[in-house]
Amino acid sequence: MAFTEPPDPGHARSLAELIAQLRLLKAWAGGPSYAQIAERVNRLWTAAGRPAAERTARTTVADCFKVGRARPNTDLLLAVVEVLHPDPGYVAGWQDVLRVVRGRAEAATFVQAQLGLPEAVPHFTGRRAELARLAAVLAGGQVAAIAGMAGVGKTGLAVQAGHELLRTGRFDNALFVNLRGFHPDPGQPPVDPAAVLDSFLRLLGVPGHAVPADLAGKTRLYQERSAGRRLLVVLDNARGEDQVRPLLGGAVLVTSRMALTGLSGAAHLRLDALSPDEALAYLRRTVGAERVDQAPGVARRITAELGRLPLALTLAALWMTAPAHRSWLLADHLERLEQRRAHLRLDNAVDASISLSYDQLGEPERRALRLLALHPGADLDAYGIAALAGTGLAEATRIADRLVAASLVRRGEGDRFELHDLVRAFGMARAQDEDAPAGRKAALSRLLDYYVFATATAMDHYAPRTRGHRPHVPDPGLPIPPLTGREPAAAWLDAERANLVGAGVHGVASGHAGLLSRLVFRYLQTAGYIREALALHTSAAESADPVARGHALTSLAATHSQVGRYEVATRYAGQALACFRGAGDRSGECRVLGTLGAIASWNGDFLRSAEFLGETLTLARELRDRVAERTALTNLGYVYGRLGWYAEALEIHGKALVIDQETGDLCDTGRTLLNIGDTHLRSGSHEEACAHFRRATAIAERAGDRDLHVEALLCLADASLELGDPGPARTTHECALAIAEELGSLHAAARAHAGLARALTGLGDGERARHHWLAARDHHRELGLPEPAEMTAGIGRSVPAGG
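Keep in mind the model is a prediction, meaning the values are calculated, not measured. (Residues numbered from 1 in each chain as written. Predicted model: local features only at pLDDT ≥ 70, side-chain atom pairs only at ≥ 80, totals over all residues. Heavy atoms only, no water.)

Trainee: Explain the pairing of strand β5 (residues 251-256) to me, please; I cannot follow it from the model alone.
Mentor: Within a regular strand, side chains alternate between the sheet's two faces. Judged by how many residues are buried, β5 sits mostly within the fold: six of six residues are covered. Summarising the sheet, strand β2 (residues 143-147) and β5 pair through five bridges and their orientation is parallel. Paired with Val143 across the two strands is Val252, which belongs to β5. Inspection of the sheet shows strand β4 (residues 231-238) paired to β5 by five bridges, in the parallel sense. Bridge pairing links Ala238 to Ser256 in β5. (Buried < 20%, exposed > 50% of the residue type's maximum accessible area, 1.4 Å probe, protein only. Helix = DSSP H or I, 4+ residues; strand = E, 2+ residues; numbered from the N terminus. Pairing = 2+ DSSP bridges.)

Below, the structure written as structure tokens:
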């Protein structure tokens, strides 16, 4: 097949389709080999002044043409396009499409699941046969799928069925998630099932660092954690079977506008509009039996005009019972509905009913609804509404209450507000008609300013020691929540996490992405939110500002190294170093050199790590950055200890301890004491090690730092074993295990179980030792860690004869 024109990337709607276009471009360019393309890219980069360390290889180029990769190497992919067709306009077109496609893929990772069901729909009417069938299927631990048109009441029926099953005691709890299968905003695509599993696992008590990175691992762990639980799972608004399949297992209730006939073994329920009698009964309950019974024929015509759709009936009933309309006859309401047909966009019944509710609102509420429809996240609180609308908190709260009362906005847990997809579509259409583009842009800018400033405030309480390494954010003059301690700050960050990532993806051009990426780096890293971190930092790496781009690339490097992708991490860190040096930002250079040292250390290249950390330490001292100096000293001391340079390690840790005492940070002091003790333990000075571990334990207890406490106990117990004291080691490991289990730390629990197995072996209790070896092995498997030879031998050695 011959191509006269290069393929148009604009035809691609997904990353897979874009890769297909790239393959066509390769064929159009004469089918050069991957090695030839790599050679051309390297010549291009060399001419542009890029260092030799960034040269690409044939296999890396080949990866660009593979479908199924979660995140393409944008820089390399665009270089491949340029060498295949060096036309600036054509390459710019690819860059634009790639940004849109990747943004769509990243948005698919944003999800907010909840433990427990939303509130049941008020005045739920009818559907008794459907409820009975769903109860029978779900009580048997099977899958039920409800299909039906928008507004027909699928979610209401699913939630009602769930509440009835919970009341009967058949299930103890429920997981609920909106899969966003048919969202009106193209910026909020269907949710990636891997992101749903990530959220479900956290709700089931799995700590972030213990959640597997791949879909198969998440699915396996989710099935293990949900097995044996009396748990109902509600998957609302599914796009199709592929989105649902990884989430199945046990009793699952799915809703979708599509008939999911490809779900093998599922019971399918097609939901139609309410029957004429059910719709009339609903009006009697909501509008008033006396009013309806005075003109039942007119009432039936009203329900027919509304398509007997629950959403439309609910909104119309609220309009009909508003104080200003209570004196109207039902015939007046019917005439009003018929008049609405002249300018509709959605389904006639739905648009007419939403219009009735919308028209009865004051302009502040109408404007707020239009702006809420533009919000890039799933839900928001009154502070977010205040930012969008440009009002005070009290006025925003009143507006939210009025919108809830009008059933145009749903109030969820924690006074968070969200829109039904159809109401959002209505609001977006009205915003296009009634609000000037400048006004819409200003509202979103206020919202992003609010998220950035509130995040900066929260992080000052969440991680006060690193405040000086985060960007200064001016107060935009908008109300923010009272974030006056670490716990309220952490709770706010947890609640707004998806919105912050969404705001970052939306705010690349405005600079908000770069700010948010730097601000929440420590929170996303310590809490283990890998997917969110990659999405936010990848967006921020598109920033025009080289310093913002350098920090985003450094954060990407740290995040990839967190999950063992050291080659990718090193590449990003190298790009960040070039950004900082090009911009003359020595503070950023100091940060990325430290990151390169940490990556090399985690990868076992301690000599290379020592080189990077030595540079980091020198630069930190030149900058008089005591926090960066202390971090470099701590990491360098650890590396020296692993190299067997014990005297040098102790000297380095002593210098870090001086800084800890200057700053008065108890927790940092405790961690430095642990490092000193670890060095003594490795060098054979067991008594000296125990003394430092005991001091660290006391500090942890005084500071209330439970992570430090469990680490100190584990170190102390290991030292007791080295001294030949299995009794004290056993007691200390038991204390450490109890704290680790409360914290949900699988790493610490695995170490405690292994330590208990060693102590019990020393005490001659082989049977109980084997129990702890098996528990440690289970944790290693959950974490994706290899099984040490000592563990395998301990399990095998403890097997009774003949077993």
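Trainee: For this particular structure, what's the right way to read the environment of Val41?
Mentor: Within the secondary structure, Val41 is located in helix α2 (residues 34-47). As a C-alpha pair, Val41 and Arg565 span 524 residues in sequence and 23 Å in three-dimensional space. Not counting residues up to four positions away in its chain, the partners in contact with Val41 are Thr56, Leu76, Ala79, Val80 and Val83. (Contact = heavy atoms within 4.5 Å.)

Trainee: What is the right way to read unusual backbone geometry from this model?
Mentor: For residues other than glycine, phi is negative in most cases, and the peptide bonds are mostly trans. Backbone geometry at Arg127 places phi at a positive 60 degrees, although glycine is not the residue there. The buried category is assigned to Arg127, whose relative accessible area is 3%. If you check the backbone angles, Arg180 has positive phi at about 55 degrees while not being a glycine. Here Arg180 lies in the loop between β3 (173-178) and α8 (193-203).

Trainee: Explanation requested: the side chain of Arg424 in the structure shown.
Mentor: Its location among the elements puts Arg424 in helix α20 (residues 421-434). For Arg424, a relative accessible area of 3% gives the class buried. A distance of 3.2 Å separates a polar side-chain atom of Arg424 from the backbone oxygen of Ala373. (Polar contact = N/O pair within 3.5 Å; in protein donor to acceptor, adjacent residues only side chain to side chain.)

Trainee: I keep staring at the environment of Val627 and nothing clicks. Help me out?
Mentor: Relative to the assigned elements, Val627 resides in helix α30 (residues 626-642). Val627 gets classed as partly exposed once you look at its relative accessible area, which sits at 22%. In the structure, Val627 is positioned 209 residues away from Glu418 in sequence and 42 Å away in space, judged by C-alpha atoms. Discounting residues that sit within four places of it in the chain, Val627 has contacts with Arg465 and His469.

Trainee: How should the packing of helix α21 (residues 437-462) against helix α23 (residues 512-519) be read in this particular structure?
Mentor: Think of two packed helices as two axes; the pair is described by the angle between the axes and how far apart they sit. At a closest axis distance of 10 Å, the pairing of α21 and α23 adopts a crossing angle of 20 degrees. With respect to their mutual orientation, α21 and α23 come out roughly parallel. You can see that α21 and α23 cross each other, and the crossing is left-handed. Contacts between α21 and α23 involve Ser445, Leu448, Asp449, Tyr451, Val452, Thr455, Ala456 and Met459 from the former and His512, Leu515, Leu516 and Leu519 from the latter. (Axes fitted to C-alpha atoms, helices over the stretch in contact; angles between N-to-C directions. Parallel < 35°, antiparallel > 145°, perpendicular 65-115°, else oblique. Left-handed = near helix turned anticlockwise from the far one by under 90°.)

Trainee: I tried to follow the sheet that holds β3 on my own but got confused; where do I start?
Mentor: Across a sheet, paired strands are connected by hydrogen bonds in the backbone, their directions being either parallel or antiparallel. The strand order across the open sheet built from six strands is β1-β3-β4-β5-β2-β6, with neighbouring strands paired in mixed fashion. Looking along the sheet, the strands with just one partner apiece sit at the ends: β1 (114-115) and β6 (267-270).

Trainee: So what exactly am I meant to see when it comes to the packing of aromatic side chains here?
Mentor: For any pair of aromatic rings, the description rests on two quantities: the centre-to-centre distance and the angle between the ring planes. Under the counting rule described, the total for this entry stands at seven aromatic pairs. An angle of 70 degrees between the planes, with centres 5.3 Å apart, marks the rings of Tyr358 and Phe426 as edge-to-face. Pair noted here: Tyr358 is in helix α16 (residues 348-359) and Phe426 is in helix α20, with a separation of 68 residues, a long-range link. On the accessibility criterion, Tyr358 (2% relative accessible area) is buried. (Phe/Tyr/Trp six-rings, centres within 6.5 Å; stacked < 30°, edge-to-face > 60°.)

Trainee: Please explain the side chain of Thr595 as it appears in this structure.
Mentor: Looking at the secondary structure, you find Thr595 in helix α28 (residues 586-602). Sequence-distant contacts of Thr595, defined by excluding residues within four places in its chain, comprise Thr554, Ala557 and Ala558.

Trainee: It is not clear to me how the pattern of salt bridges should be interpreted in this structure. Could you clarify?
Mentor: Any two side chains of opposite charge can pair, so long as their charged atoms come close to each other. Applying the stated rule across the entire model yields 40 salt bridges. Residues Arg531 and Asp192 are paired through a salt bridge, measuring 2.9 Å at the closest nitrogen-oxygen approach. You can see Arg531 sitting in helix α25 (residues 530-540) and its partner Asp192 sitting in the loop between β3 and α8, a full 339 residues away along the chain. On the accessibility criterion, Asp192 (26% relative accessible area) is partly exposed. The partner of Arg581 in a salt bridge is Glu589, and the shortest N-O contact between them spans 3.0 Å. Taken together, the shared-partner salt bridges connect Glu363, Arg366, Arg370, Arg430, Glu434 and Asp435 into one network. (Salt bridge = Lys/Arg side-chain N within 4 Å of Asp/Glu carboxyl O.)

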